[in-house]
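Close look at the chain arrangement
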Amino acid sequence: MKSTQSIDSSYRGRFAPSPTGPLHFGSLVAAIGSYLDAKSHNGRWLVRIEDLDSQREAPGATSEILYTLEKLGMEWDEDIIYQHQRTKIYQDALDILSKQDLIYPCVCSRKEIADSSMMGLSGPIYPGTCRGSPSPIKKAHALRIQTHNDLIEFDDILRGICSQRLSRDVGDFVLRRADGIYAYQLAVVVDDAEQNISHVVRGADLLDSTPRQIFLQQLLGYPTPRYFHLPVVTNALGEKLSKQTNAAPIDLSNALMQLVSALHFLGQKPPVEITEGNISSFWQWAKENWQAEQIPY
């Protein structure tokens, strides 16, 4: 549901879940963090469904996610966008990069890359095997972008200065997979620019992706938003909560207590009596008392 409160259009945040399953406590923390940071600045908060990969999408998950957000009292300020409807926009961005002679086809399998690569921040560093390949080629292929080794640096709101050298730490990365699906790194950059997102508040599991996104923003002439990476919720084994680690879905019959627990996880200090109120009074207190500097990391 859309919010009707007075807003400051200079702050534009977003929550962008993938519909691989219902919201769990980890995704609730990310949603609350992005929501409260936007609302505490009287800004706009948008919802985007990152559903490019239909094979990973759980039936009914999108509707369930939106229903859960509504029941938790989280109001979005503009129409929801769905990535699966935006493939032409991603292709247009890819064409811009291709005209800069930065894109090349890659036919390497994951096993081939793993066998011939060093490990980097996000897995094997692609060794550039196909960088000199002719284009176009008939065999099914991914499209990679040539990276450089210049320092990419950004000032995370919570973590301070972060930096990376893409060639050394990541390697040339995929922008369109061999099955034709556009990669997350490209889609998120295009969407954030198209939606004029000023602040990206998300989990720290995406911290290492940020330099890749800044690299693409620079090449495409897009502005770079402020980044704010929240602590990631893990299970008893230290694994990030996810569908793969059997994270329990949000229990709407106990919604208020889960909201309060998420606030505590984010280092906020709601009064004990907040649990005796309702969701509306919870949000009123949370928006008025949000202190980003209290978040642990």
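Preceding this paragraph is the structure being described.
Structural notes, computed from the coordinates.

A closer look at the sheet that holds strand 10 (residues 173–176)
The three strands lie next to each other as 4-7-10, forming an open sheet whose pairing is antiparallel. Where the open sheet ends on each side, the last strands, each with one partner, are strand 4 (103–106) and strand 10. Strand-to-strand twist in this sheet, taken as the mean axis angle between neighbours without regard to direction, amounts to 45 degrees. As defined by bridge partners, strand 7 (residues 142–145) adjoins strand 10 across three bridges and the pair is classed as antiparallel.

Some thoughts on the nonpolar core
Formed by 42 residues in total, the largest nonpolar core has its most connected members in Ile32, Trp45, Val47, Leu69, Met74, Phe282 and Trp283. Mapped by element, the contributors of at least two residues to this core are helix 1 (25–40), strand 2 (44–49), helix 2 (61–71), strand 12 (226–230), helix 8 (255–265) and helix 9 (279–289). Broken down by element, the residue count for this core peaks at eight residues, all from helix 1. When neighbours within four sequence positions are excluded, Phe282 is seen to be in contact with Leu256, Leu259, Val260, Leu263 and Ile274. The next biggest cluster of nonpolar side chains, apart from the first, holds 32 residues, and it includes Leu94, Tyr182, Phe215 and Leu220.

Things to note about the packing of helix 3 (residues 87–99) against helix 6 (residues 184–194)
Viewed as axis vectors pointing N to C, helix 3 and helix 6 meet at an angle of 105 degrees, and their least axial separation amounts to 10 Å. Classified by the angle their axes make, helix 3 and helix 6 are roughly perpendicular. Taking contact as the criterion, the partners of Ile89, Tyr90, Ala93, Leu94 and Leu97 in helix 3 are, on helix 6, Leu186, Ala187, Val190, Asp191 and Glu194. Residue composition of the contact of helix 3 with helix 6, grouped by class: eight nonpolar, no polar and two charged.

Regarding the environment of Leu97
Tracing the backbone through its elements, the reader meets Leu97 in helix 3. A sequence separation of 123 residues divides Leu97 from Leu220, and the C-alpha atoms of the two residues are 7.2 Å apart. Those residues within four positions of Leu97 in sequence are excluded, and the remaining contacts are Leu102, Ile103, Ile145, Leu175, Leu186, Leu216, Leu219 and Leu220.

Topic: the packing of aromatic side chains
This model, assessed by the stated rule, comprises eight aromatic pairs. Here the aromatic rings of Phe25 and Phe265 are separated by 6.3 Å at their centres, their planes lie at 85 degrees, and the arrangement is edge-to-face. Within this pair, whereas Phe25 is found in helix 1, its partner Phe265 is found in helix 8, the two being separated by 240 residues in sequence. Members of the aromatic cluster, each reached through a chain of ring pairs, are Phe15, Tyr35, Trp45, Phe282 and Trp283. Across from the ring centre of Tyr126, 3.8 Å away, lies the NZ or CZ of Arg144, which sits over that ring.

Some thoughts on the environment of Gly21
Position of Gly21 relative to the elements: it lies in the loop between strand 1 (12–15) and helix 1. For Gly21, a relative accessible area of 11% translates into the label buried. Considered as a pair, Gly21 and Ala247 are 226 residues apart in the sequence and their alpha carbons are 9.7 Å apart. With sequence-adjacent residues up to four places away left out, Gly21 is seen in contact with Ala58, Ala61 and Ile65.

So, the packing of helix 6 against helix 7 (residues 210–220)
When two helices pack together, their arrangement is captured by the angle between the axes and the distance separating the axes. Interaxial distance between helix 6 and helix 7 falls to 9 Å at its minimum, and their mutual angle equals 55 degrees. With respect to helix 7, the axis of helix 6 lies oblique. Between helix 6 and helix 7 lies a crossing of right-handed hand. Contacts between helix 6 and helix 7 involve Tyr184, Gln185, Leu186, Val188 and Val189 on the former and, on the latter, Arg212, Gln213, Leu216, Gln217 and Leu220. Its residues assigned to classes, the contact of helix 6 with helix 7 comprises six nonpolar, three polar and one charged.

With respect to the pairing of strand 7
Note on strand geometry: in a regular strand, side chains alternate between the two faces of the sheet. Burial along strand 7 is two-sided: the residues Ala142 and Arg144 and Leu143 and Ile145 are all buried. In this sheet, strand 7 lies alongside strand 4 in antiparallel orientation, the contact comprising four bridges. Bridge pairing links Cys106 to Ala142 in strand 7.

A few points about helix 7
With nine of eleven residues buried, helix 7 is to be regarded as a mostly interior element. Turning to helix 7, its buried residues are Thr210, Pro211, Arg212, Gln213, Ile214, Phe215, Leu216, Gln217 and Leu220. One or two residues past the end of helix 7 sits Gly221, with phi positive at roughly 75 degrees.

What counts and what doesn't
- Residues numbered from 1 in each chain as written.
- Predicted model: local features only at pLDDT ≥ 70, side-chain atom pairs only at ≥ 80, totals over all residues.
- Heavy atoms only, no water.
- Pairing = 2+ DSSP bridges.
- Helix = DSSP H or I, 4+ residues; strand = E, 2+ residues; numbered from the N terminus.
- Axes fitted to C-alpha atoms, helices over the stretch in contact; angles between N-to-C directions.
- Core = buried A, V, L, I, M, F, W, Y, C linked by side-chain atoms within 4.5 Å.
- Buried < 20%, exposed > 50% of the residue type's maximum accessible area, 1.4 Å probe, protein only.
- Contact = heavy atoms within 4.5 Å.
- Parallel < 35°, antiparallel > 145°, perpendicular 65-115°, else oblique.
- Nonpolar A, V, L, I, M, F, W, Y, C, P; charged D, E, K, R; others polar.
- Phe/Tyr/Trp six-rings, centres within 6.5 Å; stacked < 30°, edge-to-face > 60°.
- Lys NZ or Arg CZ within 6 Å of the ring centre and 35° of its normal.
- Left-handed = near helix turned anticlockwise from the far one by under 90°.

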